[in-house]
Amino acid sequence: MPTQATARQQIRDVVFVDGVRTPFGKAGEKGIHAGTRADDLVVKCIRELLRRNPSLPPERIDDVAIAATTQTGDQGLTIGRTAALLAGLPRTVPGFAIDRMCAGAMTAVTTTASGIAFGAYDVVVAGGVEHMGNHPMGSGTDPNPRFLAERLVDPAALNMGNTAENLHDRFPAITRERTDAYAVASQAKLAAAYGKNRIQPDLVPVAGRKPGAGWTLHQQDEPPRPDTTLEDLSSLRTPFRPHGRVTAGNAAGLNDGATAAVLASADAAAELGLPVRMRLVAYAFAGVEPEVMGIGPVPATEKALRQAGLSIEDIGLFEINEAFAVQVLSFLDHFGIADDDPRVNRYGGAIAVGHPLASSGVRLMNQLARQFEDDPQVRYGITTMCIGLGMGGTVIWENPHHADYSGTTTEDAA
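Residues numbered from 1 in each chain as written. Predicted model: local features only at pLDDT ≥ 70, side-chain atom pairs only at ≥ 80, totals over all residues. Heavy atoms only, no water.

The subject of this paragraph is the side chain of His218. Turning to its location among the elements, His218 is positioned in strand S7 (residues 214-218). One polar contact links the side chain of His218 to the main-chain carbonyl oxygen of Ile32, over a distance of 3.5 Å. In this structure, His218 is in contact with Pro23, Ile32, Val204, Pro205, Val206 and Gly208, ignoring residues within four places of it in sequence. (Helix = DSSP H or I, 4+ residues; strand = E, 2+ residues; numbered from the N terminus. Polar contact = N/O pair within 3.5 Å; in protein donor to acceptor, adjacent residues only side chain to side chain. Contact = heavy atoms within 4.5 Å.)

This part covers a nonpolar patch on the surface. Taken together, the side chains of Phe147, Leu148, Leu152, Leu158 and Leu389 present a nonpolar region at the surface, about 440 Å² in accessible area. With respect to the helices and strands, the residue Leu389 is situated in the loop between strand S11 (380-387) and strand S12 (391-398). In this structure Leu389 comes out as partly exposed when scored by relative accessible area, which is 45%. (Patch = residues over 30% accessible without salt bridge, like charges linked within 9 Å, V, L, I, M, F, W, Y side chains within 5 Å. Areas by Shrake-Rupley, 256 points an atom, 1.4 Å probe, with all protein chains shown as cover. Salt bridge = Lys/Arg side-chain N within 4 Å of Asp/Glu carboxyl O. Buried < 20%, exposed > 50% of the residue type's maximum accessible area, 1.4 Å probe, protein only.)

With that settled, consider unusual backbone geometry. You will see that Met101, though not glycine, has its phi angle at about 50 degrees, which is positive. Structurally, Met101 is set in the loop between strand S4 (95-98) and helix H4 (104-118). Look at Met101 and you get buried, because its relative accessible area is 17%. Notably, Leu357 is not glycine yet its phi reads approximately 30 degrees, a positive angle. Tracing the backbone through its elements, the reader meets Leu357 in the loop between helix H12 (350-353) and helix H13 (360-374). Leu357 sits in the buried class, given a relative accessible area of 5%.

Inspection of every chain in the model, using the stated rule, returns 27 salt bridges. Across the pair Arg178 and Asp339 runs a salt bridge whose closest N-O atoms are separated by 2.7 Å. Remark: Asp339 occurs in the loop between helix H11 (325-334) and H12 and Arg178 occurs in helix H7 (residues 176-195); sequence separation between them is 161 residues. With a shortest N-O distance of 2.9 Å, Asp202 and Arg370 are connected by a salt bridge. With Asp202 in the loop between H7 and strand S6 (206-210) and Arg370 in helix H13, this residue pair connects regions lying 168 residues apart in the sequence.

This part is about the environment of Ile174. With respect to the secondary-structure elements, Ile174 resides in the loop between helix H6 (160-170) and H7. Along the backbone, Ile174 and Arg60 are 114 residues apart, and their C-alpha atoms lie at a distance of 49 Å. Residue contacts for Ile174: discarding those within four places in its chain leaves His168, Thr179, Val326, Leu329, Ser330 and Asp333.

Going through the model one piece at a time under the given rule, you end up with zero disulfides. Left unpaired, Cys102 is separated from the closest cysteine sulfur, that of Cys386, by 6.2 Å. Among the residues examined, Cys102 registers a relative accessible area of 7% and is labelled buried. (Disulfide = S-S within 2.5 Å.)

What follows deals with the environment of Pro224. Residue placement: Pro224 occurs in the loop between S7 and helix H8 (230-234). Along the sequence, Pro224 and Ala350 sit 126 residues apart, while their C-alpha atoms lie 9.3 Å from each other. Not counting chain neighbours up to four residues away, the residues in contact with Pro224 comprise Gln187, Leu190, Ala352 and Val353.

Our next topic: the UniProt feature "active site" (unreviewed entry) in the chain. The sites that carry the UniProt feature "active site" (unreviewed entry) are, in the present numbering, Cys102, His355 and Cys386. The greatest C-alpha distance among the residues just named is 12.0 Å, despite their covering 285 residues of sequence, which places them together in space. Along the chain, the position of Cys102 falls in the loop between S4 and H4. Setting aside its immediate chain neighbours within four residues, Cys102 contacts Thr69, His355, Leu357, Ala358, Met385, Cys386 and Ile387. With respect to the helices and strands, the residue Cys386 is situated in strand S11. (UniProt positions renumbered as here; feature names shortened; annotations may be inferred.)

Bringing the pairing of strand S5 (residues 123-131) into the picture now. Of all nine residues in S5, nine are buried, a share of seventy percent or more. Note: S5 against strand S8 (residues 255-265), nine bridges, orientation antiparallel. Bridge pairing in S8 places Val129 opposite Ala258. (Pairing = 2+ DSSP bridges.)

Right, dumping it as structure tokens:
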């Protein structure tokens, strides 16, 4: 007979209950979030999660984990705790900040999910924010001179655009023409998803005010360029290398935005009548050479698949963050997946919608959860992303709408 202590430590199922995000804006003084604080963007998301899930008592939230890459100013001061207080959660609800660069929100999810699985939490809020207009990437940082003086990393590792050019060098079959074609397709897929109302349900309207222009309610993403053509992209300059291949058209832009999600144990979700939109199967992070950080999703995915006892053929949907088109294509080539495979980024990706660094992980999860609803024939999907300084992260999810779903749904419990 197991003791009470060992029984308490049995791994529990973790489910993705709900996720929301603000519209993503362009960074800079002309962007839709130029006059809005980063922490207020997070507050909007937390309040919307509570509004959408009225059966969740705020006092049942056990922790709030919010990621930011540049943790200073309105993204500093332990933003998970400050955002929880500002959102009106009880003062008994703790919070913390987390940073894994682009995979910040993903890491907020996996870290708190581990706590749920272990039994430390029942319900958590996890997400991320990046206001790149207020805090440009790398601002205020002081990289140790030993990185270069002792040749610990290639100088290109400290510039994400240069790492993408290096990835092109490593995989010459990934040409600029291929990346441009992929970027055009991303724009078209996002536009189609908007047309089918698959993006809007998870967007939190944000009111913004500009001097002399009054208040505007922003209800859709600002970066998309749905009319983009290959001819348009072919004329763009390559800012990271003369005669290079990476452009503003085949890479994600500089953006502002926030995301947040509710995660829970399957038992707590059933108790509280919360929806189950996905079940977490496995996750993994892996390191690679910093100068080719874009290849990071490959070893992270291989590691996660091993942990789950699955193969790449078992994955029916892929949400791959499009920091750069070359990064996505290197992943697809490694696993023998076609550039236009219908399983990949069905609703478009960061090239079209934007990539506010630490917030993007939950956007990927939102989009995968919507696709699970659309396609109950798919059992497993992944969210994966490359991470600055040479890392990758992957989370494998199970579709509760699939006939062979192995978890417990709210309906089952009822």
